[in-house]
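Results of the structural survey
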Amino acid sequence: LLDIMLPKIDGFGVCAQIRRQSQVPILMLTALDGETQQLRGFGLNIDDYVTKPFDATELILRIEAHIRRHKDTIEFARCTARDGSVTIGDLEVRFDEYQVLVGGRPANLTTKEFEIVAFLATHPGKVFTRSQIQEYIWGEGEVDAHSNSITVFVRKIREKIEENPSEPKYLLTVQRVGYKMADTLG
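Below, the structure is looked at part by part.

Conventions used here
- Residues numbered from 1 in each chain as written.
- Predicted model: local features only at pLDDT ≥ 70, side-chain atom pairs only at ≥ 80, totals over all residues.
- Heavy atoms only, no water.
- Pairing = 2+ DSSP bridges.
- Helix = DSSP H or I, 4+ residues; strand = E, 2+ residues; numbered from the N terminus.
- Contact = heavy atoms within 4.5 Å.
- Axes fitted to C-alpha atoms, helices over the stretch in contact; angles between N-to-C directions.
- Buried < 20%, exposed > 50% of the residue type's maximum accessible area, 1.4 Å probe, protein only.
- Lys, Arg positive; Asp, Glu negative; His and termini not counted.
- Salt bridge = Lys/Arg side-chain N within 4 Å of Asp/Glu carboxyl O.
- Arc of directions from axis to C-beta.
- Core = buried A, V, L, I, M, F, W, Y, C linked by side-chain atoms within 4.5 Å.

Another aspect to go through is the sheet that holds strand β3 (residues 85-88). The 4 strands lie next to each other as β3-β4-β5-β6, forming an open sheet whose pairing is antiparallel. Every other strand in the sheet has two partners, leaving β3 and β6 (105-106) as the edge strands with one partner each. Inspection of the sheet shows β3 paired to strand β4 (residues 91-94) by 4 bridges, in the antiparallel sense. Following the sheet pairing, Ile 88 is matched in β4 by Leu 91. Strand contacts of helix α5 (residues 111-122): β3, β4 and β5 (99-102), with the helix running at about 105 degrees to β4, the strand carrying the most contacts.

Next comes the structure, spelled out in structure tokens:
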């Protein structure tokens, strides 16, 4: 939710900065109701433009609709575009660098492999089904319940991050359910 009239930098400048890094939904909420401002906003790929005065119920409904439509983008931004890292034993997930280190050495994961590890590491100890992981990585329309692609990705990830892929200590299987990232070691 972004206003156009802000101190130091206007909402259009903020929007441009956000769009260089993310596709999270942006709603412009402003007193400026001219067509020129609206066209400029949509030219910067905003998702909606609401002028003041506005109905609070309508605004909430618009926000909820954008959240529903963009839930995968929002979750992805939350999991991978964050600063810092998560450390579990010798495994370190550096979100802002798109990198996983094991014992201080790069694991050389592909982008999708990193996204799976980052997603699970953001929720250590929580179990996700293959379908949930697949939906998160590829989006709702791309989920194939019979696909074994997540199983294949997990095997490849384990080969890169586990000392013994047959006896994983980081990326764990929960039989007949799915996978989780260990929350602690030991």
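After that view, the rundown keeps rolling.
So, on to the sheet that holds strand β9 (residues 178-181). The antiparallel open sheet is built from 3 strands, whose spatial order is β7-β9-β8. Edge positions in the sheet fall to β7 (128-129) and β8 (171-174), since each has one partner strand and no second. Summarising the sheet, β8 and β9 pair through 4 bridges and their orientation is antiparallel. The residue bridging Thr 173 from the neighbouring strand is Tyr 179, located in β9. Lying on the sheet, α5 is in contact with β7, β8 and β9; it crosses β9 at an angle near 70 degrees. Each of β8 and β9 is contacted by helix α7 (residues 149-161), which is oriented at about 140 degrees to β8, the strand it contacts most.

So, about the side chain of Glu 162. Along the chain, the position of Glu 162 falls in the loop between α7 and β8. For Glu 162, which is buried and forms no salt bridge, the nearest opposite charge comes from Arg 158, at a distance of 5.0 Å.

Structurally, the position occupied by Gln 99 is in strand β5. Owing to a relative accessible area of 24%, Gln 99 belongs among the partly exposed residues under this scheme. The spacing of Gln 99 and Phe 114 is 15 residues in sequence and 7.0 Å in space, taken between C-alpha atoms. With residues up to four places along the chain from it excluded, the contact list for Gln 99 reads Glu 92, Val 93, Arg 94, Pro 106 and Phe 114.

For the α-helix, the turn length of 3.6 residues means that residues three or four positions removed from each other point alike. Looking only at helix α6 (residues 130-138), the buried set comprises Ile 133, Gln 134, Tyr 136 and Ile 137. Down the axis of α6, the smallest arc covering the buried residues is 160 degrees, so these residues share one side.

The subject of this paragraph is the nonpolar core. Core analysis: the largest hydrophobic core is formed by 30 residues, its most contacted members being Val 93, Val 100, Ile 116, Leu 120, Ile 133, Ile 161 and Met 181. Where this core is concerned, the elements lending two or more residues are β3, β4, β5, α5, α6, α7 and β9. The leading source of residues in this core is α5, at 7 residues. Excluding residues that lie within four positions of it along the chain, Val 100 makes contacts with Leu 91, Glu 92, Val 93, Arg 105, Pro 106, Ala 107, Leu 109, Phe 114, Val 117 and Ile 161. Residues Leu 2, Val 14, Ile 26 and Met 28 belong to the second largest nonpolar core, which totals 9 residues.

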